[in-house]
Amino acid sequence: MTTISNRKSKISKLLLPWLDILAITAWGILLLKYWLTNELNLLIHPNYFGLVIVAAFGLLVISIFKIKELLQRRRYDMTANIQHISLFPPGWGSALLLVAAIFGFIFTPQVFASDKALQRDFSELLGSTRVKPQAFRASVVPEERSLVDWVRMLNVYPEPDRYQGNKVKVQGFVIHPPELGKEYIFLARFVLTCCAADAYPVGLPVKLKESREQYPPDTWLEVEGQMVTETITGKRQLTIAANSLKKIPQPKNPYSY
């Protein structure tokens, strides 16, 4: 029993450091993979791309030092009762990190869709509580404003009649909130302030001339029309009266900032 126990101990001492190296290397490669495949856009705000890239190369450098450290250890008598001091002590936590990295390689990050947006109240979809008002662009020609620009404008100047008749051309994905009648769809975008964990949807109702069944949830549209004021859920609400709705592919970067 003692011999078996000693063998297990030796195997553990040999494998755990390599497990550490594998976990560190895997995460370094995974972060670089997210960056090179543009999947990083789906996970964090572009302002933090630099930190992620530096972290990825830092992890790869650490793994090189770890390998060098292990090779140097082999010069010593592994059977001797010597306590080696390591800058990067191994542990089973590395196994969990390695498994998480493997899942990262297997599964592709997915864009948030209407099902997540519908988890919020209709008032939250209108973005009045979270969109930063200082980021809107008041000087932009109305038809050049993005969907999020319009929501930001409303957050500062909430009177919908102020925009009556303004031309609009925006892109977003379709939501069918239960609060809206069949003559409306809700056009939305997710706003990313830091990372995917804090993404939230905002948008505006769109009044249709035909049945909304032609535009199922999660369909990406480019909508052209003009602004009107409609009474929705008992409240006067700025609404896009659509003249044309064109289905478009999901943008390379589906989030707004």
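Everything below is about the structure shown above.
Presented here is an overview of the structure given in this document. Nothing here was measured: the structure is a model prediction, and the numbers come from that model.

1. Details of the environment of Arg162
For Arg162, the location among the structural elements is in the loop between helix H6 (147–156) and strand S1 (167–175). When the C-alpha atoms of Arg162 and Thr229 are compared, they prove to be 9.5 Å apart, with 67 residues separating the residues in sequence.

2. Structural notes on the pattern of salt bridges
Across all of its chains, the model carries six salt bridges by this definition. Taking the shortest distance from any N to any O, the salt bridge between Glu159 and Arg236 comes out at 2.7 Å. One end of the pair, Glu159, is in the loop between H6 and S1; the other, Arg236, is in strand S5 (residues 235–247), and 77 residues separate them in sequence. Residue classification places Arg236 among the partly exposed positions, given a relative accessible area of 39%.

3. Thoughts on the packing of aromatic side chains
Under the criterion given, the structure shown has seven aromatic pairs. Summarising the aromatic geometry, the rings of Phe173 and Phe190 are spaced 5.7 Å apart at their centres and angled 10° between planes, so their arrangement reads as stacked. Of this pair, Phe173 sits in strand S1 while Phe190 sits in strand S2 (residues 184–191); the two residues are 17 residues apart in sequence, bridging distant segments of the chain. By relative accessible area, Phe173 is classed as buried at 3%. Across from the ring centre of Phe112, 4.9 Å away, lies the NZ or CZ of Lys116, which sits over that ring.

4. Considering a nonpolar patch on the surface
A contiguous nonpolar surface patch, about 660 Å² in accessible area, is contributed by Ile29, Val99, Ile102, Phe103, Phe105, Ile106 and Phe107. It is helix H3 (residues 93–106) that provides the largest number of residues to the nonpolar patch, a total of five residues. Mapped onto the secondary structure, Phe103 falls in helix H3.

5. Observations concerning the nonpolar core
In this structure, Val206, Val223 and Leu245 are the most contacted members of the largest nonpolar core, which totals 26 residues. Every element with two or more residues in this core is listed here: H6, S1, S2, strand S3 (200–207), strand S4 (220–232) and S5. The residues contacting Val223, other than those within four sequence positions of it, are Val168, Lys169, Val170, Leu187, Val206, Ile240, Ala242, Ser244 and Leu245. Leu125, Leu126, Leu180 and Tyr255 belong to the second-largest nonpolar core, a separate cluster that totals 18 residues.

6. Let's talk about the pairing of S5
Both S3 and S5 contribute to a ladder of two bridges, which runs parallel. Opposite Val206, over in S5, you have Ile240 as the bridge partner. As consecutive antiparallel partners, S4 and S5 are separated by two residues, and within that stretch Thr233 has a phi angle of approximately 50°, a positive value.

Parameters and conventions
- Residues numbered from 1 in each chain as written.
- Predicted model: local features only at pLDDT ≥ 70, side-chain atom pairs only at ≥ 80, totals over all residues.
- Heavy atoms only, no water.
- Helix = DSSP H or I, 4+ residues; strand = E, 2+ residues; numbered from the N terminus.
- Salt bridge = Lys/Arg side-chain N within 4 Å of Asp/Glu carboxyl O.
- Buried < 20%, exposed > 50% of the residue type's maximum accessible area, 1.4 Å probe, protein only.
- Phe/Tyr/Trp six-rings, centres within 6.5 Å; stacked < 30°, edge-to-face > 60°.
- Lys NZ or Arg CZ within 6 Å of the ring centre and 35° of its normal.
- Patch = residues over 30% accessible without salt bridge, like charges linked within 9 Å, V, L, I, M, F, W, Y side chains within 5 Å.
- Areas by Shrake-Rupley, 256 points an atom, 1.4 Å probe, with all protein chains shown as cover.
- Core = buried A, V, L, I, M, F, W, Y, C linked by side-chain atoms within 4.5 Å.
- Contact = heavy atoms within 4.5 Å.
- Pairing = 2+ DSSP bridges.

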